[in-house]
Amino acid sequence: MNDTPYASSAWSGHKGHQWVLHQRRLDRMLADFGEAALDAASPRPGDRVLDVGCGAGTTTLALGRRVHPGGSVVGVDISAPLIQLARSRPTGGAQVEFVLDDASRVPFDPGGFDLVFARFGVMFFDDPVAAFRHLRRALRPGGRLAFICWRTPDENDWISLPSRVAGHLVPTPPPGDPRAPGPCSLGERPHLEAVLREAGFDDIEIAPLDRGVVFGRGATDAEAVDDALVMALEVGPMSRLLEDQPDEVRAGATSALRDALAERTADGAVVIGGAAWLVTAGAF
């Protein structure tokens, strides 16, 4: 992949190590979305499954439990730290394998999988049509594709909030190509559907899924805000926005973000709006 914030070098460097450090928090944030995607995928005992962008392996292991006995799951990710963590986790007897590679280029056996799945793992391809075409070839005739991806930044408060609250302190970069590799590269529904059709998929179903993203938890609302602030400053969009900024700017932006997070806190949790597409398709 090219030299972007989402390149393999970044995922195997600081970004990957940060995701390992905060793996439990991140899984908590994405849990509702992941469960919805797993239900839509309907993995069955005996299925052979490919988990694209598997990260630390949470969805891979969940798939393994659902296809056991007789099934198998291959989780693929470009992040060495995340794959290392995934390989260290107990499989519970399920047949699970983790591969460090780019799923858009791994030479899979044609027709080797019954299901290709992803929880927010398909938005970073340099050439999405070629990548999805490659994944389709890995499916048997009649195989299934199921994944979840983010919608547009404006629909996702967890993405747009930092620039809104800190924009007066930190110059925000000019808008780039909305379809460039990144969390929301498939956020425009017409583009998403066109990519899948050009890649050879049929029976495409794209449904909006709106859920709260639990950004922080604590015994009190104040502790929840502190927890959410750690996530925002170390993993979320704010971390990129404040890179190389002087201390006084970072302090001001942090204070503004804290106030904004406090407004979204109740019952010991900070919940920020998240908007995704839940996608299923077939390979015929």
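Structural data are supplied above this passage.
Model, not experiment: these values are computed from the prediction.

Reading the values: the criteria
- Residues numbered from 1 in each chain as written.
- Predicted model: local features only at pLDDT ≥ 70, side-chain atom pairs only at ≥ 80, totals over all residues.
- Heavy atoms only, no water.
- Helix = DSSP H or I, 4+ residues; strand = E, 2+ residues; numbered from the N terminus.
- Contact = heavy atoms within 4.5 Å.
- Core = buried A, V, L, I, M, F, W, Y, C linked by side-chain atoms within 4.5 Å.
- Buried < 20%, exposed > 50% of the residue type's maximum accessible area, 1.4 Å probe, protein only.
- Arc of directions from axis to C-beta.
- Axes fitted to C-alpha atoms, helices over the stretch in contact; angles between N-to-C directions.
- Parallel < 35°, antiparallel > 145°, perpendicular 65-115°, else oblique.
- Left-handed = near helix turned anticlockwise from the far one by under 90°.
- Nonpolar A, V, L, I, M, F, W, Y, C, P; charged D, E, K, R; others polar.
- Right-handed = clockwise from strand over helix to strand, strands pointing away.
- Pairing = 2+ DSSP bridges.

I'm lost on the side chain of His134 in this one. Help?
Within the secondary structure layout, His134 lies in helix H6 (residues 128-137). Ignoring sequence-local partners within four residues, the contact set of His134 consists of Ala103, Ser104, Arg105, Val106 and Phe108.

Help me understand the nonpolar core in this model?
Within soluble globular proteins, side chains that are nonpolar tend to cluster in buried spots. Core analysis: the largest hydrophobic core is formed by 94 residues, its most contacted members being Phe132, Phe147, Trp150, Phe201 and Phe215. If sequence neighbours within four positions are ignored, Phe201 has contacts with Phe132, Arg136, Leu139, Leu145, Leu196, Ala281, Gly282 and Ala283.

Is there a simple way to explain unusual backbone geometry in this structure?
Generally, phi is negative for residues other than glycine and the peptide bonds are trans, each holding for most cases. A cis amide bond, omega 0 degrees, links His68 with the succeeding residue Pro69. Residue position: Pro69 is located in the loop between helix H4 (58-67) and strand E2 (72-77). In this model, Asp203 sits at a positive phi of 50 degrees, which is unusual for a non-glycine residue. Tracing the chain through its elements places Asp203 in strand E6 (residues 202-217). The backbone of Asp267 sits at a positive phi, close to 55 degrees, despite the residue not being glycine. In this fold, Asp267 is placed in the loop between strand E7 (265-266) and strand E8 (269-283). In this structure Asp267 comes out as exposed when scored by relative accessible area, which is 77%.

What exactly am I supposed to notice about helix H2 (residues 14-21) here?
Within an α-helix, residues lying three or four positions from one another point in the same direction, as the helix has 3.6 residues per turn. Among all positions in H2, only Lys15, Gly16 and Gln18 are buried. One side of H2 carries all its buried residues, which in axial view fall inside an arc of 160 degrees. For H2, the exposed residues set more than 90 degrees away from the buried face come down to His14 and Leu21. For H2, the elements touching its buried residues are helix H1 (8-11), helix H5 (80-87), helix H9 (221-234) and helix H10 (237-241).

What's the story with the packing of helix H3 (residues 23-41) against H4 in this structure? I'm lost.
What describes two packed helices is the angle between their axes and the distance between those same axes. One way to put it is that H3 packs onto H4 with a least axis distance of 10 Å and a crossing angle of 40 degrees. Between H3 and H4, the angle falls in the class oblique. You can see that H3 and H4 cross each other, and the crossing is right-handed. Where H3 approaches H4, its residues Gln23, Asp27, Glu35, Leu38 and Asp39 are matched on the opposing element by Thr58, Ala62, Leu63 and Arg66. Split by residue class, the contact of H3 with H4 holds three nonpolar, two polar and four charged.

Which parts of the structure should I look at to understand the pairing of strand E5 (residues 139-150)?
Consecutive side chains along a regular strand alternate between the two faces of the sheet. Judged by how many residues are buried, E5 sits mostly within the fold: nine of twelve residues are covered. Crossover strand E4 (residues 113-119) to E5 through H6 is right-handed. With eight bridges joining them, E5 and E8 adopt antiparallel strand pairing. The residue of E8 that forms the bridge with Ile148 is Leu278.

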